[in-house]
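Close look at the chain arrangement
The primary structure of each chain is shown beneath.
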Amino acid sequence: MVPTHFYLVLAGILFTIGVIGVLVKRNPIVIFMCIELMLNAANLTFVALGRHFGQTNGQMYVVFALAVAAAEVSVGLGIIVMMFRQKETIDIDEVHLLKY
Amino acid sequence: MLTASYILFWILALIGIGSALMVVLARNPVRSALFLVVTFLTVAVLYITLSAQFLAAVQVMVYAGAIMVLFLFVIMLLNLSAPEALKERGTIQRPIALILGAMFITALIFSQALLEMPTKAAHAEEIANLGTVQTIGLSLYNPNLPWLFPFEITSILLLIAVIGAIVLAKRKLD
């Protein structure tokens, strides 16, 4: 059985890649993908620690995180589509006002 | 047996980290999306090695299926797959992000929680049935456990998301 540390460090690396992607990318769709990456890393941490302590709780949290991720992506991509309709661009630097 | 699981973990970890890096590095958003699918699938296999079989199946269905279809659909709807559509300019953002990321990963790896984690792990026979559909269902729908009410609330959350997506994406009626 691979120790839990390995999984936690892997999840940390995936999370960091997601953070860097959010910071450097200017395409909001790719930023969303990086957020999904971070959610996946957090889920991996939950599952690994759930196995470490022999409890189902970790996997329960992941079930809910999946539902929240699905909801978040549908609303977020709807916002991006609307942004593109109004501004004809989705460059994140061009869209810096909450009110249009 | 011991080394086989280690080898599997290392292969999966390398594929996962490599494709996650490619998500960030790829210039074409369609390629980013496809590399993200690879990452999701490696995470699904990692779930199986963590004896979370149900979550692995759900991961493939929800993430690699539904969410990625949504991403690709929006990319193609907005026609952003052309590389000149969004050029990434070299800005001060990039080195700062790299420095902050390096600091962040160092803080994560050397965090108190990871260094002082209890070493006593659960036994293999304890966790054999941890992630089966039966175990998940029995704890998800058990009224004595705190998961039943959040589960019901989740349905309202998804309903709000559906309504929100429709309201946001529909054209003005005027």
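Residues numbered from 1 in each chain as written. Chains lettered and ligands numbered in written order. Predicted model: local features only at pLDDT ≥ 70, side-chain atom pairs only at ≥ 80, totals over all residues.

1. Some words on the overall build of chain A
The line we're drawing: A helix here means a DSSP run of H or I that spans at least four residues, while a strand means a run of E at least two residues long, and both kinds are numbered starting from the N terminus. Atoms counted for the radius of gyration: C-alpha only. Globule rule: 2.2 Å times the number of residues to the power 0.38.
Helix and strand counts for chain A come out as three helices and zero strands. Counting helices and strands in the order they occur from the N terminus, chain A gives α-α-α. In terms of overall size, chain A is more extended than a compact globule, its C-alpha atoms giving a radius of gyration of 17 Å where 100 residues would be expected to give roughly 13 Å. Principal axes of the C-alpha set define a box for chain A whose edges measure 50 × 25 × 15 Å.

2. Things to note about the overall build of chain B
Selection rule: Counts of 20 or more other C-beta atoms within 10 Å of a residue's own C-beta define buried residues, counts of 12 or fewer define exposed ones, and intermediate counts define partly exposed ones; C-beta atoms are placed from the backbone. For the purpose of contact definition, each residue receives a C-beta atom placed from its backbone, and two residues are in contact when these atoms lie within 7 Å.
Secondary structure assignment for chain B yields seven helices and zero strands. Moving toward the C terminus, one meets the helices and strands of chain B in the order α-α-α-α-α-α-α. Against the 2.2 N^0.38 benchmark of 16 Å for 174 residues, chain B shows a C-alpha radius of gyration of 21 Å, more extended than a compact globule. By principal-axis analysis of the C-alpha atoms, chain B measures approximately 60 × 45 × 30 Å. Taken across its 174 residues, chain B has 22% of its residues classed as buried. Within chain B, residue pairs in contact and separated by at least 24 positions form 54% of the contacts whose partners lie at least 6 positions apart.

3. Overview of the confidence of the model for chain B
All names here are of chain B. For clarity, the threshold we go by: Each residue carries a pLDDT value, the predictor's own confidence for that position, ranging from 0 to 100.
Here chain B averages 87 in pLDDT, and 91% of its residues register 70 or above. Element-level mean pLDDT values for chain B span from 79 in helix α5 (residues 112-115) up to 94 in helix α2 (residues 29-49). The complex prediction reports pTM at 0.90, with the ipTM value standing at 0.91.

4. As for the interface of chain A and chain B
Formally: Each residue gets one label: Ala, Val, Leu, Ile, Met, Phe, Trp, Tyr, Cys and Pro are nonpolar, Asp, Glu, Lys and Arg are charged, and the others, such as Gly, are polar.
Each partner contributes to the interface: chain A provides 60 residues, whereas chain B provides 69 residues. With 21 residues, the top contributor of residues to the side of chain A that touches chain B is helix α3 (residues 57-87) of chain A. Residues that form the side of chain A that touches chain B fall into these classes: 42 nonpolar, 13 polar and five charged.

5. Considering the environment of Ile92 of chain A
Residues and elements named next belong to chain A. Its place among the elements puts Ile92 in the segment after α3. Along the sequence, Ile92 and Ile29 sit 63 residues apart, while their C-alpha atoms lie 9.8 Å from each other. If sequence neighbours within four positions are ignored, Ile92 has contacts with Arg26, Pro28 and Ile31.

6. Here's the deal with the nonpolar core
Across soluble globular proteins, you tend to see nonpolar side chains buried next to one another. Quick reminder of the rule: Any set of buried Ala, Val, Leu, Ile, Met, Phe, Trp, Tyr and Cys residues joined through C-beta atoms within 7 Å is what this text calls a nonpolar core.
Ranked by size, the top nonpolar core spans 55 residues in total, and within it Ala11, Leu14, Met33, Leu37 and Val47 of chain A together with Tyr47 of chain B carry the most contacts. Listing elements by their share of this core, those giving two or more residues are α1 (4-24), α2 (28-53) and α3 of chain A together with α1 (2-25), α2 and α3 (53-78) of chain B. Of the residues forming this core, the biggest block, 12 residues, is contributed by α2 of chain A.

7. Considerations on the packing of α2 of chain B against α3 of chain B
Residues and elements named next belong to chain B. Under the convention used in this document: A fitted line through C-alpha atoms represents every axis, and for helices the fit uses only the stretch in contact; the resulting angles, taken between N-to-C directions, go from 0 to 180 degrees. The labels follow the angle: roughly parallel below 35 degrees, roughly antiparallel above 145, roughly perpendicular from 65 to 115, and oblique for the rest.
Two elements in contact, α2 and α3, have axes whose closest approach is 8 Å; the angle formed by their N-to-C orientations is 175°. It follows that α2 is roughly antiparallel to α3 by the angle criterion. Of the residues in α3, those touching α2 at Pro29, Val30, Ala33, Leu36, Val37, Phe40, Leu41, Val43, Ala44, Tyr47 and Ile48 are Gln53, Leu55, Ala56, Gln59, Val60, Tyr63, Ala64, Met68, Phe71, Leu72 and Ile75. Taken together, the residues that form the contact of α2 with α3 break down as 20 nonpolar, two polar and no charged.

8. Points about unusual backbone geometry
Residue and element names in this part refer to chain B. The phi dihedral of Ser51 falls on the positive side, at around 50°, and the residue is not glycine. Turning to its location among the elements, Ser51 is positioned in the loop between α2 and α3. A tally of 22 C-beta atoms within 10 Å means that Ser51 is categorised as buried.

9. Some details on α2 of chain A
Residues and elements named next belong to chain A. Which entries qualify depends on this criterion: The span you would expect from a helix comes to 1.5 Å times its residue count less one.
The terminal C-alpha atoms of α2, which comprises 26 residues, lie 38 Å apart, in line with the 38 Å expected from a rise of 1.5 Å per residue. Most of α2 is tucked away: 21 of the 26 residues are buried. Of the residues trailing α2, Gly54 is marked for its positive phi of about 65°.

10. Concerning the packing of α2 of chain A against α2 of chain B
It is the contact of α2 of chain A with α2 of chain B, at a shortest axis distance of 10 Å, that shows an interaxial angle of 5°. It follows from the interaxial angle that α2 of chain A and α2 of chain B lie roughly parallel. In this structure, α2 of chain A uses Ile29, Val30, Met33, Glu36, Leu37, Asn40, Leu44 and Val47 of chain A to contact α2 of chain B, whose residues at the interface are Pro29, Ser32, Ala33, Leu36, Thr39, Phe40, Val43, Leu46 and Tyr47 of chain B. When its residues are assigned to classes, the contact of α2 of chain A with α2 of chain B shows 13 nonpolar, three polar and one charged.

11. Considerations on α3 of chain A
Taking 1.5 Å of rise per residue, 31 residues should cover 45 Å, and α3 of chain A covers 44 Å from first to last C-alpha, within 8% of that figure. One or two steps after α3 of chain A, the chain reaches Glu88 of chain A, where phi turns positive at roughly 60°.

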